[in-house]
Amino acid sequence: MRTVLMLLISFALITLVACGAEEEANWGLAEETTADMAHSYDYARVASAAPSVSLLAETESRGPIAELPTAAQQRKIIFNANIRLVVDKFEGVSKAVSSLAKKHGGFIASSNIHGSEGEPRSGNWTLRIPSQNFDSFIDGSKGLGQVHSLNQDSKEVTAEYVDLEARVRNLKAEEERLHKHLDESTRSLKDILEVEQQLARVRGEIERMQGRLNVLKDLTSLSTVTVRIEEIKDYIPEPTEEPTFATQVERTWDDSIGGVGSFFTNLSLGVVGFVPWLAVILPLSLVAWLVFKRVRRSVKLPIAFTSSSKPEQPKTTG
């Protein structure tokens, strides 16, 4: 009996010791988890309150990095278009192109007009139009004449633009450090020459990248549109571009007016061309009329003389 009692007491003690060890282990694990959560919370709070600290640490560890384009950042796209139009009358086309470009905030970069009045004429214009007005200008240019062909293309250069901006900033920072080193740390002529050589290299890189950046700014802010307009009489369009009834009425009216104008123009030119000949024709006509009159008079005299000298025949009575 005593032995059984001792065994029960020993079992109870062992159980109590095991439970206490397990509870202590769980308590320690809970404290460690709580500490980890507090550390994570503090880190998140610090990072959200001062994001520049983590960014500065990353920059110092990895060096200057280029900023990636974000959705909110303006995209850099180069727009180009080439449009060819056909008109029946070339008069006023150049003024219409200039007015259309000014209406959309652009300008004429170059122009070239061929031909003279009375012959088929054509013109080429290179226009620079703000990129935000590119589509509206293309729609408006279709009203200058009948579209023969239209080609458009675009190229996105946002990544290149952002990369160049970052590189230029980094190079300028490097240039500033070299200037500071040249002013404060160099002593010997050899060091001065080496620093100046590095400055020349950095300055050359900055100018090269800045030049490319300026080109991209110009190409993305102003689109390039090439317009060619040709004067073609009785132009027959493609089946997909058949003129409307209003266009046919306008062309018929213009042809009729043109025919009347051509008739009076030719008549006037004929009269003007005939006037100088009057100085020759009138004297010749007067001389011819005098000669004809004189000849006629000379022919009539003998006839009259013969008839007057002939004896009269005696009258007979029946």
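Below is a short write-up of the structure.

Calculation rules
- Residues numbered from 1 in each chain as written.
- Predicted model: local features only at pLDDT ≥ 70, side-chain atom pairs only at ≥ 80, totals over all residues.
- Heavy atoms only, no water.
- Helix = DSSP H or I, 4+ residues; strand = E, 2+ residues; numbered from the N terminus.
- Buried < 20%, exposed > 50% of the residue type's maximum accessible area, 1.4 Å probe, protein only.
- Contact = heavy atoms within 4.5 Å.
- Salt bridge = Lys/Arg side-chain N within 4 Å of Asp/Glu carboxyl O.
- Phe/Tyr/Trp six-rings, centres within 6.5 Å; stacked < 30°, edge-to-face > 60°.
- Lys NZ or Arg CZ within 6 Å of the ring centre and 35° of its normal.
- Pairing = 2+ DSSP bridges.
- Axes fitted to C-alpha atoms, helices over the stretch in contact; angles between N-to-C directions.
- Expected span 1.5 Å × (residues − 1).
- Core = buried A, V, L, I, M, F, W, Y, C linked by side-chain atoms within 4.5 Å.

1. Observations regarding the environment of V225
Piece 1. Of note, V225 is situated in strand β5 (residues 222-231).
Piece 2. Classification of V225 as buried rests on a relative accessible area of 1%.
Piece 3. Each C-alpha atom of the pair V225 and L127 lies 5.1 Å from the other, and the pair is 98 residues apart in sequence.
Piece 4. Beyond its immediate sequence surroundings of up to four residues, V225 is in contact with A81, W125, T126, L127, I129, F134, F137 and I138.

2. So, the pattern of salt bridges
Piece 1. In the structure shown here, the tally under the stated rule is 11 salt bridges.
Piece 2. The residue R84 makes a salt bridge to E230 at a minimum N-O spacing of 2.8 Å. Remark: E230 occurs in strand β5 and R84 occurs in strand β1 (residues 77-87); sequence separation between them is 146 residues.
Piece 3. Under the relative-accessibility criterion, R84 is labelled partly exposed at 26%.
Piece 4. For E230, a relative accessible area of 11% puts it in the buried group.
Piece 5. Taking the shortest distance from any N to any O, the salt bridge between R121 and E91 comes out at 2.9 Å. Of this pair, R121 sits in the loop between β2 (107-114) and β3 (122-130) while E91 sits in the loop between β1 and α3 (93-103); the two residues are 30 residues apart in sequence, bridging distant segments of the chain.
Piece 6. For E91, a relative accessible area of 49% translates into the label partly exposed.
Piece 7. Each of R84, R228 and E230 takes part in one network of salt bridges that share partners.

3. Notes on the packing of aromatic side chains
Piece 1. Per the stated rule, a full pass over the model turns up two aromatic pairs.
Piece 2. Residues F263 and F264 carry aromatic rings whose centres are separated by 5.3 Å and whose planes lie at 75° to one another, so their mutual orientation is edge-to-face.
Piece 3. Classification of F264 as partly exposed rests on a relative accessible area of 49%.
Piece 4. Note that K76 overlies the ring of Y161, its terminal NZ or CZ placed 4.7 Å from the centroid.

4. Details of the environment of A81
Piece 1. Among the secondary structure elements, A81 is positioned in strand β1.
Piece 2. What makes A81 buried here is its relative accessible area of 5%.
Piece 3. With sequence-adjacent residues up to four places away left out, A81 is seen in contact with F134, I138, N151, Q152, T224, V225 and T226.

5. Focus: the sheet that holds β3
Piece 1. Judged by pairing direction, the sheet is mixed, and its five strands sit side by side in the order β2-β3-β5-β1-β4 without closing on themselves. The open sheet has two free edges, formed respectively by β2 and β4 (146-156), since each of these has just one partner strand. Neighbour-to-neighbour, the strand axes of this sheet turn through a mean angle of 10°, independent of strand direction.
Piece 2. Inspection of the sheet shows β2 paired to β3 by seven bridges, in the antiparallel sense.

6. Digging into helix α6 (residues 189-221)
Piece 1. Taking 1.5 Å as the rise per residue, α6 with 33 residues should run 48 Å; its terminal C-alpha atoms sit 47 Å apart, in good agreement.
Piece 2. Considered for burial, the residues of α6 that qualify are V195, L199, V202, I206, M209, L213, L216 and T220.
Piece 3. As for α6, its buried residues are in contact with β1, α5 (158-184) and β5.

7. Focus: the environment of N112
Piece 1. Relative to the elements of secondary structure, N112 occurs in strand β2.
Piece 2. N112 gets classed as partly exposed once you look at its relative accessible area, which sits at 39%.
Piece 3. Measuring from C-alpha to C-alpha, the distance between N112 and S122 comes to 8.5 Å, with 10 residues separating the pair along the chain.
Piece 4. Not counting chain neighbours up to four residues away, the residues in contact with N112 comprise S122, G123 and N124.

8. A look at the nonpolar core
Note on soluble globular proteins: their nonpolar side chains tend to be buried together.
Piece 1. Ranked by internal contacts, the top residues of the largest apolar core, which has 20 residues, are L127, V225 and I229.
Piece 2. Elements represented by at least two residues in this core include exactly β1, α3, β3, α4 (134-141) and β5.
Piece 3. Among residues more than four places away in sequence, those in contact with I229 are L85, V87, F90, V93, V97, R121, S122, G123, W125 and L144.
Piece 4. Formed by 14 residues, the second largest nonpolar core is a distinct cluster that contains I78, L178, V195 and L216.

So, to be careful, I would describe these as geometric facts and stop short of saying anything about function.
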